[in-house]
Structures are given as C-alpha cells and as structure tokens.
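Listed here are the chains, written in short residue letters.
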Amino acid sequence: MEGTVFNIFAGLAVLSALLVVANPFSRNPVTSALFLVTTMISISGLFVLLGAYFLAAVQILVYAGAVMVLFLFVIMLLDLREGARRKLNLVSFAMGFMAVGSLFLVYKSSVDQTYGDTTQHQEVAAGVNQVEGSTRALGQSLFSAEKGFILPFEIVSVLLLVAMVGVILLSRKEPL
Amino acid sequence: MEATLGHYLLVSGALFAIGLLGVIVRRNLLIIYMSLELMLNAANVALVAMSRFNGNLDGQVMVFFVITVAAAEVAVGLALIVALYRKRQTAEVADLATMKL
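All values derive from a computational prediction rather than experimental measurement.

**Comments concerning the overall build of chain A**
No. 1: The secondary structure content of chain A amounts to eight helices and zero strands.
No. 2: Reading the helices (α) and strands (β) of chain A from amino to carboxyl end gives α-α-α-α-α-α-α-α.
No. 3: Residue burial in chain A is summarised as follows: out of 176 residues, 30% are buried.
No. 4: Pairs at least 24 apart in sequence give 53% of the contacts found in chain A among residues at least 6 apart.

As structure tokens, this is what we get:
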C-alpha cells in the first residue's frame, strides 16, 4: 500500500518536473508554473509518507500558495509572449540532457552501492525509532533550550525583514 | 514493496537533475528560476528522507529553514527580474549578455 502511494507521488513529481522544464506542447511560462504546482503537491505527498506532516502542510501553504502566486503575478506582469515563440535549440537540449543524465547515473550508482542492500537497511530502519514530524515534535526540537535552533530562527526573521525591505527598494519606479 | 531510503534518494536525485537541466538548457529567466526552486525541493526531499530513516528530527528543522530562506529568495529574485525587465524589456538570457545595463 505504502509502496503504491510512493510510486504514484514519485512518478507524478518527476513527470511534472520534466513538463516544467521541457514541455513539448507549450512554451508558455504559465504552463510551467502550473506544472511546478503539481510537483510541489506531489513532494508534499512524499513528505506525508515520510511522517513529516507539518512540513507537508508548510510545503503546500508556502510553495503552492505564496511562491507560485508570486510567480504567476510576475509572469503576467511581464509581457512574455515574444519569448514563448522562440524555439528550444535541440542540439543544446540533447547535450544538456546527456550531461545531466550521466551526472544522474553516477549518483544512482553511488546510491545503489550505499543503500542497495535493502535487507540490511531495513534492519537498521527497524532498529531506529521512527520519528514523526508533527507540529508539536518539530516545535519542541526547534525551540528546546539546550539543543534547539533559537538563534538560527531569529537570524531567519531578520533575513525575512531584509528581504522585504530589499524588495520594496528594488521595485521602486525611480531609484533613490 | 516498501519504499526505502534508496528510493527516496533516487527521486530526489532525479528532481535535482531535472532542475539542473532546466537551468542549463532553458533561456527564459523565469523558467530558470522555477528550475532553481525544483533543485531546492529535491534537496528538501533528501533531507526529510534522511531524517526519517535515521530517527533524528534535525533534518526536518533544516528543511523548515530552507523553505523560509527559499521564500525570501524568490521574492528578491522576482523583484530583480521585474527591475531588469523595466530597464531592458526582455527576460531572455540571450538578450542580457552585456554587463552594461
């Protein structure tokens, strides 16, 4: 059962990711953005399978919600119809596919060598107590006093403030 | 068939490879940016899988930070693209080959 659901979500994620990058039917950035939403939702399904429930919810809220809406806003703000008509260079696409594909094969062979022996690995996984990333568990490990991540959390809040001020400065009509 | 850590790592590697392909072959700034997001998400899948199969929640905390930083990065990057489009009226990298604005 779990294996079937994994296959569905993994296949959907990889397939729609391919359609983001190289869609044979459409050169429109809006299509790419919508397929990226499908990828994000499939990845969130994988997170649920891995017991990371809070991150699955955050993935949908932040990526499928906020980030993709921002992308669609910008796509529609910029008039990109001229770019859509340009053809993808087939030679460069084939060369890029070969380069990235061979990189992936190197990665796959190393993963197979390290984790290919499933029986041994499942024994290890059964010995470890499987963690569940519920909101409570994640919050406790984020904010606990001795092993927590309070300083990184505060730094990230400053980073968000800096990003917000920077965006407002960048998108002014006339520079300061 | 139970999905093992190896399977999750393969999915993550495939997503990362597709994102890299997009950054290499596509010429539209926005699609390059979406491919970057795809690569960040591939790293997130690997981190969550490692966290699950090693019984340690720290990987998920890391993903939490990655998502936050990615959201800030998207906002700044898209503002830069809009500012660039105002100056040059294009979002194709082939037309942005000069260093002078």
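**A few points about helix 1 (residues 5-25) of chain B**
No. 1: With 21 residues, helix 1 of chain B should cover 30 Å at 1.5 Å per step; its first-to-last C-alpha distance of 30 Å lies within 8% of that length.
No. 2: Burial analysis of helix 1 of chain B places 16 of its 21 residues in the buried class, which makes it a mostly covered element.

**A closer look at the interface of chain A and chain B**
No. 1: Listed per partner, the contact involves 82 residues of chain A and 71 residues of chain B.
No. 2: Roughly 6900 Å² is buried in total at the junction of chain A and chain B, and carbon and sulfur atoms are behind 78% of that figure.
No. 3: The interface formed by chain A and chain B holds zero salt bridges in total.
No. 4: Between the two partners, chain A and chain B, sit four residue pairs in polar contact (both at pLDDT 80 or more).
No. 5: Where the side of chain A that touches chain B is concerned, the elements lending two or more residues are helix 1 (2-21), helix 2 (29-49), helix 3 (53-77), helix 5 (90-115), helix 6 (118-127), helix 7 (135-143) and helix 8 (150-170) of chain A.

**Focus on the packing of aromatic side chains**
No. 1: Within this structure, the stated rule accounts for eight aromatic pairs over all chains.
No. 2: Residues A:F71 and B:Y33 carry aromatic rings whose centres are separated by 6.1 Å and whose planes lie at 55 degrees to one another, so their mutual orientation is tilted. Placement of A:F71 in helix 3 and of B:Y33 in helix 2 (residues 29-54) is noted, with the two residues assigned to different chains.
No. 3: For A:F71, a relative accessible area of 0% gives the class buried.
No. 4: An aromatic cluster is built from A:F54, A:F149, B:F64 and B:F65, whose rings are joined through pairwise contacts.

**Here we look at the nonpolar core**
No. 1: A:F71, A:L78, B:Y8 and B:L30 are the most contacted members of the largest nonpolar core, which totals 70 residues.
No. 2: Mapped by element, the contributors of at least two residues to this core are helix 1, helix 2, helix 3, helix 5 and helix 7 of chain A together with helix 1, helix 2 and helix 3 (58-88) of chain B.
No. 3: Taken domain by domain, this core gets at least three of its residues from each of domain 1 (1-85) and domain 2 (87-176) of chain A.
No. 4: The residues touching B:L30, leaving out its near neighbours within four places in the chain, are A:F71, A:V74, A:I75, A:L78, A:L80, B:L78 and B:I81.

**Digging into a nonpolar patch on the surface**
All names here are of chain A.
No. 1: Taken together, L161, M164, V165 and I168 make up a surface patch of nonpolar side chains, about 390 Å² in accessible area.
No. 2: Here V165 shows up in helix 8.
No. 3: Residue V165 is classed as partly exposed on the basis of its relative accessible area of 49%.

**Thoughts on unusual backbone geometry**
No. 1: Despite not being glycine, B:Q89 shows a phi value in the positive range, around 60 degrees.
No. 2: Relative to the helices and strands, B:Q89 is located in the segment after helix 3.

**With respect to the domain arrangement of chain A**
All names here are of chain A.
No. 1: Split by domain assignment, chain A resolves into domain 1 (1-85) and domain 2 (87-176).
No. 2: Of the roughly 660 Å² buried between domain 1 and domain 2, counting both surfaces, carbon and sulfur atoms make up 60%.
No. 3: When the area that domain 1 buries against domain 2 is broken down by residue, the three leading residues are R27, Y53 and F54, summing to 55%.
No. 4: The element contributing the most residues to the side of domain 1 that touches domain 2 is helix 3, with three residues.
No. 5: Split into classes, the residues belonging to the side of domain 1 that touches domain 2 amount to five nonpolar, one polar and two charged.

Cut-offs applied
Residues numbered from 1 in each chain as written. Chains lettered and ligands numbered in written order. Predicted model: local features only at pLDDT ≥ 70, side-chain atom pairs only at ≥ 80, totals over all residues. Heavy atoms only, no water. Helix = DSSP H or I, 4+ residues; strand = E, 2+ residues; numbered from the N terminus. Buried < 20%, exposed > 50% of the residue type's maximum accessible area, 1.4 Å probe, protein only. Contact = heavy atoms within 4.5 Å. Expected span 1.5 Å × (residues − 1). Buried area = accessible area lost by both parts, 1.4 Å probe. Salt bridge = Lys/Arg side-chain N within 4 Å of Asp/Glu carboxyl O. Polar contact = N/O pair within 3.5 Å; in protein donor to acceptor, adjacent residues only side chain to side chain. Phe/Tyr/Trp six-rings, centres within 6.5 Å; stacked < 30°, edge-to-face > 60°. Core = buried A, V, L, I, M, F, W, Y, C linked by side-chain atoms within 4.5 Å. Domains from an automatic or database assignment. Patch = residues over 30% accessible without salt bridge, like charges linked within 9 Å, V, L, I, M, F, W, Y side chains within 5 Å. Areas by Shrake-Rupley, 256 points an atom, 1.4 Å probe, with all protein chains shown as cover. Nonpolar A, V, L, I, M, F, W, Y, C, P; charged D, E, K, R; others polar.

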